[in-house]
Number of protein chains: 2
Amino acid sequence: MGQRLIYAEENMINKLNEKIKKTGAPIVVGLDPMLKYVPEFIRKQAFAEYGETLEGAAEAVWQYNKGIVDAVYDLIPAVKPQIAMYEQFGIPGMAAFKKTVDYCKEKDLVVIGDIKRGDIGSTSEAYAVGHLGKVQVGSNSYCGFDEDFATVNPYLGSDGVKPFMKVCKEEKKGIFVLVKTSNPSSGEFQDRLIDGKPLYEIVGEQVNAWGAECMPESGNYSYVGAVVGATYPEQGKLLRKVMPHTLILVPGYGAQGGKGADLVHFFNEDGLGAIINSSRGIIAAYQQEQYAHFGEKGYADASRAAVLAMREDIAQALNCR
Amino acid sequence: MGQRLIYAEENMINKLNEKIKKTGAPIVVGLDPMLKYVPEFIRKQAFAEYGETLEGAAEAVWQYNKGIVDAVYDLIPAVKPQIAMYEQFGIPGMAAFKKTVDYCKEKDLVVIGDIKRGDIGSTSEAYAVGHLGKVQVGSNSYCGFDEDFATVNPYLGSDGVKPFMKVCKEEKKGIFVLVKTSNPSSGEFQDRLIDGKPLYEIVGEQVNAWGAECMPESGNYSYVGAVVGATYPEQGKLLRKVMPHTLILVPGYGAQGGKGADLVHFFNEDGLGAIINSSRGIIAAYQQEQYAHFGEKGYADASRAAVLAMREDIAQALNCR
């Protein structure tokens, strides 16, 4: 009767919040492996075994991920593999994604599949079933990819999001809906004013409404979360108020320019309500001047040092508010 | 020196338009296989070989697709496999998707991957590379999934779409950007008024601007297309004017309620400018009363009959305008 069994009774959102409290780290490590981040010794070994093939790339990515996860899993509540970085390597890449998801779950990490899927009706349900639920094949049922959370694109409206909500309710899992993304051009559509309010606020209101239908049996947070970029702190402040019971997944910290001080308004008074993603800043820390002394062989230790520094940066910012 | 070689010199958008003219059928068949559409004799055979497993489901889906493609490939310019329907079966499902894409290309069909991906910067580029381009592994390069076109979600703005445009330029391929989707709730965000214009019109204007940067060397149509649902004919009429050089991919015909007469305004005066998708209406035709006489064993012939009827319906509507 380990912790996973106890958690399994509850919704994943509660497990995630519990783990944030326990680790003191509202941090998710983005497992977005590009081959240029993978240390040469890992690439060489993988290519020696599988050749310079898709299988070789997938093996390199998987070994690289495993090293990082082994080095940081005790410090963090969650990881967020970005599926595009695996999908680019075709079927072998998708297999490396699945292997990464499974391994992180073995390490009791909450896994947020950054898949940004979104379609309508039975199609959205197929994505939801494939990533969060179980698909029926004859009299058996199977988990295709089996993440704990997935990111979802809202452009198609409720028809696109509700099938995910349905599967999440059954599986006690959750989603994060894109509201205000971290990229420079996110304002092109998201900032346009509708009745005096930017589109992201309208989407935020809708996320709040969807979330009200998706409260777990206990706890103060819905299992419909939101994505709001660290690069837009003022918008984060507003959206925090618009969506009081929403866990906000915050990308854009570190490499994209977001700093600890920008993050304080994403959090609620209870110290929860936000989880900050860093990808390159953690997984390729050894390529930064600051962590260069770890060297390639010490890439995973560099990642651990970067997680510790990030935890400290966020804690300081929260203490100063 | 077959036709594929000659086409390969040009952009895929020209190949697609040429094939539409040659077949007289501005039709794309949506290969969106749900297990409940697959005739029992195919399911039984696949399960006998692979068990009621993900591999068994993937085999059933692939055999089902192959039968349909063999029966209709000479009538149509293009197919549109919906990746969610494969992704739900995990890795074996993704392999069935790839097999379907490859087989359709062997049959000289243009393949539109309905993947609705969209992310930012290097992540969007990874999707573009994985689905339309080539990924570099050491000194080799590989096609992950290798469709001819992909559908793209615009919510993240130019940062999400431009990496696809870049890969399309290199590979002489194309994309279709979601503008006004066919589902009932598409208006929740897409219809909201911004400076007196609905969001879908703003997105349409942007698609037109992206398209202007993406004109092939010859021909009147950009390789940045748009998705506009058949279920919204008035909006289609407006968007046709907003995006004069854009090929509009039109879902929602048939099972979703769109009729031939609704489609006329999606076309330009040259008789081109739109390609109409039907999925269930074609691939599960044998389950409809009208085609029930074909029986399960004749499912592919039923699909062929449904394509012919759809071609006739569209031709009549275009003749009457």
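Residues numbered from 1 in each chain as written. Chains lettered and ligands numbered in written order. Predicted model: local features only at pLDDT ≥ 70, side-chain atom pairs only at ≥ 80, totals over all residues. Heavy atoms only, no water.

Caption draft 1: Layout of the relation of the copies chain B and chain A. Of the transformation placing chain B onto chain A, the axial shift is 0.0 Å and the rotation is 180 degrees, giving an RMSD of 0.0 Å. What the superposition gives is, in effect, a two-fold axis relating one chain to the other. Closest to the rotation axis within chain B is the C-alpha of Ile194(B), separated from it by 2.6 Å. Most of the interface of chain B is mirrored in chain A: 100% of its interface residues are interface residues there too. (Least-squares fit on C-alpha atoms with pLDDT ≥ 70 in both. Contact = heavy atoms within 4.5 Å.)

Caption draft 2: The arrangement of the packing of helix H10 (residues 199–212) of chain B against helix H11 (residues 233–242) of chain B in detail. Residue and element names in this part refer to chain B. In contact at an axis separation of 9 Å, H10 and H11 are set at 30 degrees when each is read in the N-to-C sense. Relative to H11, the element H10 is oriented roughly parallel. Pair H10 / H11 crosses with right-handed handedness. Every residue of H11 that contacts H10 at Tyr200, Glu201, Gly204, Glu205 and Asn208 is listed here: Gln235, Leu238, Leu239 and Val242. (Axes fitted to C-alpha atoms, helices over the stretch in contact; angles between N-to-C directions. Helix = DSSP H or I, 4+ residues; strand = E, 2+ residues; numbered from the N terminus. Parallel < 35°, antiparallel > 145°, perpendicular 65-115°, else oblique. Left-handed = near helix turned anticlockwise from the far one by under 90°.)

Caption draft 3: Structural view of the interface of chain B and chain A. Across the contact, 72 residues belong to chain B and 72 residues belong to chain A. Of all residues in chain B, the largest losses of buried area upon contact with chain A belong to Glu52(B), Tyr155(B) and Phe189(B), amounting jointly to 15% of the total for that side. Here Asp119(B) makes a salt bridge to Lys116(A), at a shortest N to O gap of 2.7 Å. Counting every contact that joins chain B to chain A gives 33 residue pairs in polar contact (both at pLDDT 80 or more). Per-element tally for the side of chain B that touches chain A: the top contributor is helix H7 (residues 121–131) of chain B, with 7 residues. Counted by class, the side of chain B that touches chain A contains 36 nonpolar, 25 polar and 11 charged residues. (Buried area = accessible area lost by both parts, 1.4 Å probe. Salt bridge = Lys/Arg side-chain N within 4 Å of Asp/Glu carboxyl O. Polar contact = N/O pair within 3.5 Å; in protein donor to acceptor, adjacent residues only side chain to side chain. Nonpolar A, V, L, I, M, F, W, Y, C, P; charged D, E, K, R; others polar.)

Caption draft 4: Structural detail: the pairing of strand E6 (residues 149–152) of chain B. All names here are of chain B. Burial along E6 is two-sided: Phe149 and Thr151 and Ala150 and Val152, pointing in opposite directions, are all buried. The pairing of strand E3 (residues 110–117) with E6 spans 3 bridges and is parallel. Along E6, the bridge assignment pairs isoleucine 112 with phenylalanine 149. Where E6 and strand E7 (residues 174–180) come together, 4 bridges link them in parallel fashion. Directly across from threonine 151, in E7, lies its bridge partner phenylalanine 176. (Buried < 20%, exposed > 50% of the residue type's maximum accessible area, 1.4 Å probe, protein only. Pairing = 2+ DSSP bridges.)

Caption draft 5: View of the sheet that holds strand E1 (residues 27–29) of chain A. All names here are of chain A. One closed barrel accounts for 8 strands, arranged E1-E2-E3-E6-E7-E10-E11-E12; its pairing is parallel. Judged from the 2 bridges that link them, strand E2 (residues 78–79) and strand E3 (residues 110–117) form a sheet pairing that is parallel. Bridge pairing in E3 links valine 79 to valine 111. Strands strand E7 (174–180) and strand E10 (224–228) of the sheet are contacted by helix H10 (residues 199–212), whose axis makes an angle of about 160 degrees with E7. Contacts from helix H11 (residues 233–242) reach E7, E10 and strand E11 (248–250) within the one sheet, and its direction differs from that of E7 by about 130 degrees.

Caption draft 6: Representation of the pattern of salt bridges in the model. In total, this model carries 42 salt bridges over all chains according to the counting rule given. A salt bridge links Lys173(A) to Asp146(A), with the nearest nitrogen and oxygen atoms 2.8 Å apart. Here the residue Lys173(A) occupies a position in the loop between helix H8 (158–171) and E7, and Asp146(A) occupies one in the loop between strand E5 (140–142) and strand E6 (149–152), the gap between them amounting to 27 residues. A relative accessible area of 6% places Lys173(A) in the buried class. Counted as one network, the salt bridges with shared partners bring together Lys80(A), Asp114(A), Lys116(A) and Asp119(B).

Caption draft 7: Summary view of the environment of Val79(A). Tracing the backbone through its elements, the reader meets Val79(A) in strand E2. Taking relative accessible area as the criterion, Val79(A) reaches 1% and is therefore assigned buried.

Caption draft 8: The sheet that holds strand E11 (residues 248–250) of chain B, seen in detail. Residues and elements named next belong to chain B. Taken together, 8 strands build a closed barrel; the order of strands is E1-E2-E3-E6-E7-E10-E11-E12 and the barrel is parallel. Bridge count for strand E1 (residues 27–29) against strand E12 (residues 274–278) is 3 bridges, and the pairing is parallel. If you follow valine 28 over to E12, its bridge partner there is asparagine 277. Packing against the sheet, helix H8 (residues 158–171) makes contact with E3, E6, E7 and strand E10 (224–228), and its axis sits at approximately 150 degrees to E7. Running over the sheet, helix H14 (residues 299–319) touches E1 and E12 and is turned about 150 degrees from E1.

Caption draft 9: How the structure looks around the packing of helix H3 (residues 40–50) of chain A against helix H4 (residues 54–72) of chain A. Residues and elements named next belong to chain A. Contact pair H3 / H4: the axes reach a minimum separation of 8 Å and the direction vectors enclose 140 degrees. Between H3 and H4, the interaxial angle falls into the category oblique. For the pair H3 and H4, the crossing hand works out as right-handed. Contacts between H3 and H4 involve Ile42, Arg43, Ala46, Phe47, Glu49 and Tyr50 from the former and Glu55, Gly56, Ala57, Glu59, Ala60, Gln63 and Tyr64 from the latter. In terms of residue class, the contact of H3 with H4 is made up of 7 nonpolar, 2 polar and 4 charged.

Caption draft 10: Focus on the environment of Val111(A). Residue and element names in this part refer to chain A. In this structure, valine 111 sits in strand E3. For valine 111, a relative accessible area of 0% gives the class buried. Residues valine 111 and valine 79, spaced 32 residues apart in sequence, show a C-alpha to C-alpha distance of 5.2 Å. Every residue in contact with valine 111, bar those within four places of it in the chain, is listed here: Val79, Pro81, Val101, Cys104, Lys105, Glu147, Asp148 and Phe149.

Caption draft 11: Fine view of the packing of aromatic side chains. Summed over the entire model, instances satisfying the criterion amount to 18 aromatic pairs over all chains. Ring geometry for Tyr291(A) versus Phe294(A): centroids 6.5 Å apart, planes at 35 degrees, classification tilted. For Tyr291(A), a relative accessible area of 8% corresponds to the buried category. Taking the relative accessible area as the measure of exposure, Phe294(A) reaches 28% and is therefore partly exposed. Grouping aromatic residues by their ring pairs yields a cluster made of Phe41(A), Tyr64(A), Tyr286(A) and Tyr299(A). Positioned above the aromatic ring of Phe41(A), the side-chain terminus of Lys297(A) is 4.4 Å from the ring centre. Over the face of the ring belonging to Tyr73(B) we find Lys107(B), whose NZ or CZ atom lies 4.5 Å from the ring centre. (Phe/Tyr/Trp six-rings, centres within 6.5 Å; stacked < 30°, edge-to-face > 60°. Lys NZ or Arg CZ within 6 Å of the ring centre and 35° of its normal.)

Caption draft 12: Looking closely at the confidence of the model for chain A. Here chain A shows a mean pLDDT of 95. Residues at 70 or above account for 97%. Here residues 1–8 of chain A is a poorly scored stretch, pLDDT under 50, and it has 10 contacts once near neighbours within four places are set aside; other chains count. (pLDDT = per-residue confidence, 0-100.)

Caption draft 13: Region of the structure containing the nonpolar core. Counting residues in each nonpolar core, the largest one holds 231 residues, and the members touching the most others are Ile175(A) and Ile175(B). With near-sequence residues (within four places) excluded, Ile175(B) lies in contact with Leu132(B), Phe149(B), Ala150(B), Val152(B), Val161(B), Phe164(B), Met165(B), Cys168(B), Tyr223(B), Val224(B) and Gly225(B). (Core = buried A, V, L, I, M, F, W, Y, C linked by side-chain atoms within 4.5 Å.)

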